[in-house]
Each structure stands twice: as C-alpha cells, then as structure tokens.
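# Survey of secondary and tertiary structure
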Amino acid sequence: MIKNFVEELTWRGMIHTVMPGAEEHLMEGMKSAYIGFDPTADSLHIGNLVPIMILAHYQRCGHKPVALVGGATGMIGDPSGKSNERNLLDETTLRHNQEAIKEQLAHFLDFESDANNAAVLVNNYDWMKDFSFLEFIRDVGKHITVNYMMAKDSVKNRISSDSSEGMSFTEFTYQLVQGYDFLHLYKSNSCTLQMGGSDQWGNITTGTELIRRISGGKGFAITCPLITKSDGSKFGKSEGGNVWLDPKRTSPYKFYQYWLNSSDEDAEKYIKIFTFLDETEINTLIKEHNQAPHLRVLQKRLAEEITKMVHSEADLENAIKASNILFGNSTGDDLKQLDEQTFLDVFDGVPQTEIEASDIEEGLDIIGALAEKGGFLKSNGEARRALKENSISVNKEKVKEGYSITSKDLINNTFVLLQRGKKNYFLLRMV
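Being a predicted model, the structure only gives us computed values, none of them experimental.

## Focus: the overall build of the chain
The helix and strand tally for the chain stands at 21 helices and 15 strands. Considering only C-alpha atoms, the chain reaches an extent of 85 × 45 × 45 Å along its principal axes. Sequence separation of at least 24 residues holds for 72% of the intrachain contacts in the chain that already meet a minimum separation of 6. With the model as given, the accessible surface of the chain reaches about 20500 Å², and the carbon-plus-sulfur share is 48%. Measuring between centres, the 47 positive side-chain charges of the chain sit 3 Å from its 61 negative side-chain charges.

Pasting the structure below:
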C-alpha cells in the first residue's frame, strides 16, 4: 500500500522543493530513493535527524530507502557553504564509521526484514575507488559543461568576489562525483529519486542531468528546508558542540535535556519533524500546550519520543529520573542509580572540591565538610547555623550537626552531594 509521501512531508513542514512530476512518480508504486550521509565520524548527530526521518517516512509510505555513506565524497568536501576541505580517511576507519552509522540508522529504518522495501546501506567508496581519473573525465565529465557547473549557487557563492577562500578544483568536481552516485544507483538499484537539504539542490540536479544525458532516463529530486532555531542560533549545537546520537558522546540525559529546553515556537515545529505522531495527535498537543504553556507539554512529549527512538525506553526513564533530581523530590537512592557520566552531566557547573580518601575512610565531620575541608560555606559558624536551620542535605537527605560522611555516602565511589536549601549545590570528589 503506497501512501502519499509528499503530502506527509508537506504538513510536517519538511518540504522545500519538489521537482515537477516527483509526487506522481512516487504514487505509481514502490520506488527507491537515496540520501547521503557523511562518514567522517563514527556517529551521526542531530543535524542528521532530518534526512533520517525523511528516509523513515519514505519507508513507512511503502517505498525503499537507500542510505548512502559518502566514503568517497566525504574525503573531498562539499562546497555547499562549508569553507574547509575534509581530511582523507583510511579505509579501516571508513568501514568502522559505516558500521556505527548503520547501527544508528537501524533505530529508524528496517534493514533486516525480507519486505520488498527493506532499507539498503551503500558506500560510494565501493564504486569510486577503482574509477581512474581518466575514465571519470572521459565517461562522466564530458557530459556536463563547465557553464552548467558554474551556474550552481553552491559554486557561485564560493567563487564570488565576496568569498575570501576561493574554491579548489577538488571541491569544484564534487557535484560531478555526487551526480555520478545518482547515476550509479539509478543503474544498479533502480534509484529514481535523490533527497537532501535545500543546499543540495544543485548537486542533486546534476545527477538528474547525468541520468538524462547518459542513460536517457528520468531522475527526480526532493529537498527539505534547513532547520533553524527561532532565536537564530544553529540547530543541533549545544554549548558543548554537536549533540550526537552516540550515548558515549552525548549522554541520553543531555540529549533529552536538549529537546526539553526547546522554545515553544521551536517545539511546535520540531514535534512535526522529529516524531512519528500523526497530525491529529500533534494538533491536540499544540492546543493543550497553548492553554498552559508553563507545563511544557510539547517539549516533554518531543523529548520523550525522540530520546526513546534514538536511545531506548530505559534510557528515557533514566533521563527523566536524572532531570527530576535537580527539580523534584528525589532521594539518595535515586542519585546512586545514576551512572558517572549522567551524574556529571546533571551537576555540570556545580562547584566542587577534592577530598582525600583518608578523610572519608576516617569519617568526615559535616561541619568540616561544609566549611574548612570543603569550602562550601565560609566558616564553621555559618555551617552550624545552617545545620540548626535544618537546611543542609547530604545526597538529598537532611542531616544534623554531628553527622559524619563516610564511604557509604559515596556516589559512584567518588562523589558526595552537599546541598543548602533547594538550589545551592556543592560536590565533594574523593581522590
């Protein structure tokens, strides 16, 4: 059963340009389409989630998605707005990155089933590595004029008088290499559609031109808008850089927090793009959110859906628990259930000091921990007053004067969390 893919993407705000005839072509029956991914790291980041979701919707609409890992093109660099060329990857690194990326894509795409529209992963390095330069300029280059290549925005912007970097020949040929990928997949995988960001339009149409000129066939193109944040800052970046899909690079807690901290305007846009919720449910959530924005209904649902998809249900539950630690009524047991990375992420920026292991082993008096040894409070007198006011907690549990911190208080065998009142935190780290 083929569903209308263009219609599905249109209401979600995921369509920028559709080549004439593409929608009708897709309604004729199952078609293969591809999107390229850069394999220069062994993890994708949330900037890649838009093309991933597009391929996932494509498969759900009854079509066959092809994920292309750009092993060859990743070595060159894409001229679309980037100023620096990329480093050459050796083949071992490339294959490792390819497998890691496939594993992440498998959270969204069905590669394993015997369905006709099971997803396929290909790497353009496999068909480009034995293609000699002379063969390439003879068999591919002669079909596209320099005038045609120069007319592309991605080239014009880089060689304009405003651009200080200029453009190397390597990058100039990028659109030919990407165009050849489309031609190759058209011949080998019956691939009739290439999709990508709106900045890829020029490269994609070079592919449709090669298909027309060399094979006498018809290729189609669909692009999606480039995602921006309402405040003008770059989507997909946090203070620490990229937000990765790999939990070792970005913990599920930080990943969850990224979406939870979306503005109302962005959350309304993102929930359509980054979840599989249908239009009725999304409209209901938007209405509910607008009636009580302070409850952040949209942000919570968005963060839940996407954390579950990229990571797992268990990771989502841990991220929610970790989020409640700063703002909810959590206990010392909740703290001790956090792995070290999540614990550090939750208390990122909280002041800390180092304590000798021997101090903890002998039992560290709470007043010393707060003042002289720890430095959380200015003096022993202030520590005593705070204890009398019942405002001091160790690992979320209230303590009184006379309390002694021992190894049983250690979280991950390393940390003790001190707290004064509701919002003042301090960490002791045993060394």
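## Overview of the domain arrangement of the chain
Interfaces are frequently sized by the accessible area removed from exposure as the parts join. Taken domain by domain, the chain consists of domain 1 (5–224), domain 2 (237–328) and domain 3 (348–430). Distance from the C-alpha centre of domain 1 to the C-alpha centre of domain 3: 56 Å.

## Looking at the state of the cysteines
For the coordinates displayed, the defined rule picks out 0 disulfides. Cys 61 takes part in no disulfide bond, and the closest cysteine sulfur, belonging to Cys 224, lies 15 Å away. Given a relative accessible area of 5%, Cys 61 falls into the buried group.

## Considering a nonpolar patch on the surface
A cluster of nonpolar side chains, namely Phe 133, Leu 134, Ile 137 and Phe 169, defines an oily patch on the protein surface of about 460 Å² accessible area. The element that contributes the greatest number of residues to the nonpolar patch is helix H6 (residues 133–139), accounting for 3 residues. The residue Phe 133 is located in helix H6 in this model. Residue class for Phe 133 comes out exposed when judged on its relative accessible area of 54%.

## Side note on the sheet that holds strand E12 (residues 397–398)
Each strand in a sheet pairs with its neighbour through backbone hydrogen bonds, running either in the same direction (parallel) or in the opposite one (antiparallel). Read across the open sheet, the 5 strands follow the order E9-E15-E14-E11-E12; overall the sheet is mixed. At either margin of the open sheet sits one strand with a lone partner, and together these are strand E9 (352–355) and E12. Bridge count between E9 and strand E15 (residues 424–430): 4 bridges; the pairing is parallel. The partner of Thr 353 across the bridge, within E15, is Leu 428.

## Considerations on the packing of aromatic side chains
By the definition in use, this model includes 18 aromatic pairs. Measuring from centroid to centroid gives 5.5 Å for Phe 235 and Phe 274, while their planes differ by 15°, and the two rings are stacked. Residue Phe 235 is found in the loop between strand E6 (220–224) and strand E7 (237–238), and its partner Phe 274 is found in the loop between helix H13 (264–273) and helix H14 (279–291); the two are separated by 39 residues along the sequence. Note on accessibility: Phe 235 and Phe 274 belong to one class, buried. Over the face of the ring belonging to Phe 276 we find Arg 60, whose NZ or CZ atom lies 3.6 Å from the ring centre. Geometry around Phe 111 places Lys 102 over its ring, the cationic atom sitting 5.2 Å from the centre.

## Some remarks on the sheet that holds strand E3 (residues 64–69)
If you walk across this open sheet you meet the 6 strands as E1-E6-E5-E2-E3-E4, and the pairing is mixed. Edge positions in the sheet fall to strand E1 (17–18) and strand E4 (120–123), since each of these pairs with one other strand and no more. Bridge analysis of strand E5 (residues 191–197) against E6 gives 5 bridges, and the strand direction is parallel. Looking at the pairing, Gln 194 lines up with Ala 221 of E6. Its contacts with the sheet place helix H3 (residues 49–60) against strand E2 (32–37), E3, E5 and E6, and it is angled at close to 165° to E2. Docked against the sheet, helix H4 (residues 91–105) engages E2, E3 and E4, running at close to 160° with respect to E4.

## Observations concerning the nonpolar core
Membership of the largest hydrophobic core comes to 88 residues, with the highest contact counts inside it found for Leu 49, Leu 105, Met 195, Trp 259 and Phe 274. With 8 residues, H3 is the single largest residue contributor to this core. Inspection of this core shows a minimum of three residues originating in each of domain 1 (5–224) and domain 2 (237–328). If sequence neighbours within four positions are ignored, Leu 105 has contacts with Phe 37, Leu 44, Ile 52, Ala 67, Phe 111 and Leu 121. Residues Ile 366, Ala 386, Ile 392 and Val 394 belong to the second largest nonpolar core, which totals 21 residues.

## Quick look at the pattern of salt bridges
A complete count under the given rule lists 19 salt bridges for this structure. Note that Glu 209 is salt-bridged to Arg 213, the shortest N-O span being 2.8 Å. Here Glu 209 and its partner Arg 213 are both found in helix H11 (residues 201–215), 4 residues apart, which amounts to about one turn of the helix. A salt bridge links Asp 359 to Lys 373; the shortest N-O distance between them is 3.4 Å. Of this pair, Asp 359 sits in helix H19 (residues 357–362) while Lys 373 sits in the loop between helix H20 (366–370) and helix H21 (380–388), placing them 14 residues apart in sequence. On the basis of relative accessibility, which here comes to 15%, the residue Asp 359 falls in the buried class. A network of salt bridges, in which partner residues are shared, links Glu 91, Arg 95 and Asp 126.

How each quantity is defined
Residues numbered from 1 in each chain as written. Predicted model: local features only at pLDDT ≥ 70, side-chain atom pairs only at ≥ 80, totals over all residues. Heavy atoms only, no water. Helix = DSSP H or I, 4+ residues; strand = E, 2+ residues; numbered from the N terminus. Contact = heavy atoms within 4.5 Å. Areas by Shrake-Rupley, 256 points an atom, 1.4 Å probe, with all protein chains shown as cover. Lys, Arg positive; Asp, Glu negative; His and termini not counted. Charge placed at Lys NZ, Arg CZ, Asp CG, Glu CD. Domains from an automatic or database assignment. Disulfide = S-S within 2.5 Å. Buried < 20%, exposed > 50% of the residue type's maximum accessible area, 1.4 Å probe, protein only. Patch = residues over 30% accessible without salt bridge, like charges linked within 9 Å, V, L, I, M, F, W, Y side chains within 5 Å. Salt bridge = Lys/Arg side-chain N within 4 Å of Asp/Glu carboxyl O. Pairing = 2+ DSSP bridges. Phe/Tyr/Trp six-rings, centres within 6.5 Å; stacked < 30°, edge-to-face > 60°. Lys NZ or Arg CZ within 6 Å of the ring centre and 35° of its normal. Axes fitted to C-alpha atoms, helices over the stretch in contact; angles between N-to-C directions. Core = buried A, V, L, I, M, F, W, Y, C linked by side-chain atoms within 4.5 Å.

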